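# Understanding the architecture of this molecule
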Amino acid sequence: MGMSAAGAGGSGRGGRGHRRRGRHHALMSEINVTPMVDVMLVLLIIFMVAAPLLTVGVPIDLPDTQAKAMNVDTQPITVSIDATGKIFLQETEIPIEELVAKLQAISKTGYDERIFIRGDKSTDYGTAMKVMARISAAGYKNIGLVSLQEQDQ
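Analysis parameters
- Residues numbered from 1 in each chain as written.
- Predicted model: local features only at pLDDT ≥ 70, side-chain atom pairs only at ≥ 80, totals over all residues.
- Heavy atoms only, no water.
- Helix = DSSP H or I, 4+ residues; strand = E, 2+ residues; numbered from the N terminus.
- Buried < 20%, exposed > 50% of the residue type's maximum accessible area, 1.4 Å probe, protein only.
- Core = buried A, V, L, I, M, F, W, Y, C linked by side-chain atoms within 4.5 Å.
- Pairing = 2+ DSSP bridges.
- Right-handed = clockwise from strand over helix to strand, strands pointing away.
- Contact = heavy atoms within 4.5 Å.
- Polar contact = N/O pair within 3.5 Å; in protein donor to acceptor, adjacent residues only side chain to side chain.
- Axes fitted to C-alpha atoms, helices over the stretch in contact; angles between N-to-C directions.

On to unusual backbone geometry. Positive phi values are uncommon outside glycine, yet Gln90 reaches one of about 60°. Here Gln90 lies in the loop between strand E3 (87-89) and strand E4 (92-94). Residue Gln90 is classed as partly exposed on the basis of its relative accessible area of 30%.

Okay, structure coming up:
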């Protein structure tokens, strides 16, 4: 009498079939880092390209200087003066009489708030000094002038 292959193993139980079922792969509990790094690099490139586009939108021709760039941790309040003498707080045009009141309304850290003054190179010096004097008289002491770094020619 001959035995069949299925009969020897007990119809798949305890034979080769059972060993295969017992060896099913465990779930992989490790994080695959490569796709995450790829996504982070793409986001980094997007932000590097988009960051220069997020500057203040008032078109001003800044003067060139040899000063080094400042270390900037937080976004300062920007007061801009264009070539015609119009004053802008961030991107909104305001009269000089309302400048201090608006600054006090939007400053988050009070009189320690950093305020950058951007003046077009053809701006009247007197207008720039009036703006700085009003801001300083209101109690703000962290005032800076913005310029472009001088390019070697």
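Here the narrative resumes, following the displayed structure.
Val79, Leu89, Leu99, Leu103, Ile115, Val131 and Ile135 are the most contacted members of the largest nonpolar core, which totals 16 residues. Counting residues per element, the ones that place at least two in this core are strand E2 (77-81), E3, helix H4 (99-106), strand E5 (115-119) and helix H5 (125-137).

So, on to the pairing of E2. Summarising burial for E2: 5 of the 5 residues are buried, a large majority. Burial of E2 is two-sided: the residues Ile77, Val79 and Ile81 facing one way and the residues Thr78 and Ser80 facing the other way are all buried. Note: E2 against E5, 5 bridges, orientation parallel. Bridge pairing in E5 places Val79 opposite Ile117. Sheet topology note: the E2/E3 ladder contains 3 bridges and is antiparallel. For Ser80, the partnering residue across the bridge sits in E3 and is Phe88.

Direction of pairing for E5 relative to strand E6 (residues 143-146): parallel, over a ladder of 4 bridges. Looking at the pairing, Phe116 lines up with Gly144 of E6. Following the chain from E5 across H5 to the adjacent parallel E6, one finds a crossover that is right-handed.

This paragraph deals with the environment of Pro76. Among the structural elements, Pro76 can be located in the loop between strand E1 (64-65) and E2. Between the alpha carbons of Pro76 and Arg114 there is a distance of 5.1 Å; along the sequence they are 38 residues apart. Those residues within four positions of Pro76 in sequence are excluded, and the remaining contacts are Gln90, Arg114 and Phe116.

Here the focus is the side chain of Thr123. Examined against the element boundaries, Thr123 turns out to sit in the loop between E5 and H5. Thr123 gets classed as buried once you look at its relative accessible area, which sits at 14%. At 3.4 Å, the side chain of Thr123 and the backbone oxygen of Ile81 are in polar contact. From its side chain, Thr123 meets the backbone oxygen of Asp120 in a polar contact 2.9 Å long. Among all residues touching Thr123, those that are not within four sequence positions of it are Ile81, Asp82 and Ala83.

Sheet architecture is open: 5 strands sit in the order E4-E3-E2-E5-E6, paired in mixed fashion. Single-partner strands in this sheet number two, and they are E4 and E6. Neighbour to neighbour, the strand axes of the sheet diverge by 30° on average, direction disregarded. Examined bridge by bridge, E3 and E4 share 3 bridges and lie antiparallel to one another. Among the inter-strand pairings, Phe88 is bridged to a residue of E4, identified as Glu93. The strands touched by H5 are E2, E3, E5 and E6; relative to E2, the strand with the most contacts, the crossing angle is about 150°.

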